[in-house]
Amino acid sequence: MKKTKLKKTRKLLLAMALVTFLLTPLYSMMSDNGFIWEIDYDGCISCNLCAELAPNFISIDGDDDPFFTNGYITGGSSFYIQFSSVEDPDLDEAYNSCPSKDAAFKKQPF
Ligand code: SF4
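First, a word on scope: everything that follows refers to the structure included in this document. (Residues numbered from 1 in each chain as written. Predicted model: local features only at pLDDT ≥ 70, side-chain atom pairs only at ≥ 80, totals over all residues.)

Re the overall build of the protein chain
Regarding its fold elements, the protein chain presents three helices and six strands. Sequence-ordered secondary structure for the protein chain, helices as α and strands as β, is α-β-α-β-β-β-β-α-β. Looking at the protein chain residue by residue over its 110 residues, the buried ones come to 19%. The contacts of the protein chain with a sequence gap of at least 6 include a subset with a gap of at least 24, amounting to 63%. (Helix = DSSP H or I, 4+ residues; strand = E, 2+ residues; numbered from the N terminus. Buried ≥ 20, exposed ≤ 12 C-beta atoms within 10 Å, placed from the backbone. Contact = placed C-beta atoms within 7 Å.)

This is the structure in structure tokens:
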């Protein structure tokens, strides 16, 4: 009785391992789950263009630095995590219009 149960468990584990092995490449080919947007203050020239183009996401603080209103600031950068595979058009326009694109305004899919 115990041997039969052990055999069934082994078969089940083997089947699970096989399914995981087959699905892993498919999962890695799936589209992005979202984006991590970053304003790095080292590269930012405080032109404030991003806040003008994406006012629903970016504000200007008392030091004339932009920050993500629904994000957080850590390590000299402001971050906003977008849990959507579709880029927001305002954020994308702000990102592409930034004169310090990829030095100050950065985008990382995850
Ligand atoms: S557009 Fe770029 S350089 Fe200008 S304030 Fe925004 S992040 Fe800084």
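Resuming the write-up.
Points about the site of the ligand
Neighbouring the ligand are 14 residues, the closest being Cys-44, Cys-47, Leu-49, Cys-50 and Cys-98. By residue class, the composition of the shell around the ligand is 11 nonpolar, three polar and no charged. (Near = placed C-beta within 6 Å. Nonpolar A, V, L, I, M, F, W, Y, C, P; charged D, E, K, R; others polar.)

Side note on the sheet that holds strand β1 (residues 35-40)
The sheet built from four strands is open, its strands ordered β4-β5-β1-β6 with antiparallel pairing. Pairing within the sheet leaves two strands with one partner each, and these edge strands are β4 (72-74) and β6 (105-109). Strand-to-strand twist in this sheet, taken as the mean axis angle between neighbours without regard to direction, amounts to 25°. With three bridges connecting them, β4 and strand β5 (residues 77-82) associate as antiparallel partners. Of the residues in β5, the one forming a bridge with Thr-74 is Ser-77. (Pairing = 2+ DSSP bridges. Axes fitted to C-alpha atoms, helices over the stretch in contact; angles between N-to-C directions.)

Digging into the pairing of β1
Bridge count between β1 and β5: six bridges; the pairing is antiparallel. Among the inter-strand pairings, Ile-39 is bridged to a residue of β5, identified as Ser-78.

Examining the nonpolar core
Ranked by internal contacts, the top residues of the largest apolar core, which has 17 residues, are Ile-58, Ala-94 and Phe-105. Broken down by secondary-structure element, the contributors of at least two residues to this core are β1, β3 (66-68) and α3 (89-97). Leave out the neighbours within four places in its chain, and Ile-58 touches Cys-50, Ala-51, Pro-66, Phe-67, Phe-68, Thr-69 and Ala-94. (Core = buried A, V, L, I, M, F, W, Y, C linked by C-beta atoms within 7 Å.)

Some details on α3
Burial in α3 covers these residues: Leu-91, Ala-94 and Tyr-95. Axial view of α3: buried residues confined to an arc of 100°, hence all on one face. Structural note: α3 exposes Pro-89 and Asn-96 on the side pointing more than 90 degrees away from its buried face. Among the structural elements, β1, α2 (49-53), β2 (58-60) and β6 are those in contact with the buried residues of α3. (Arc of directions from axis to C-beta.)

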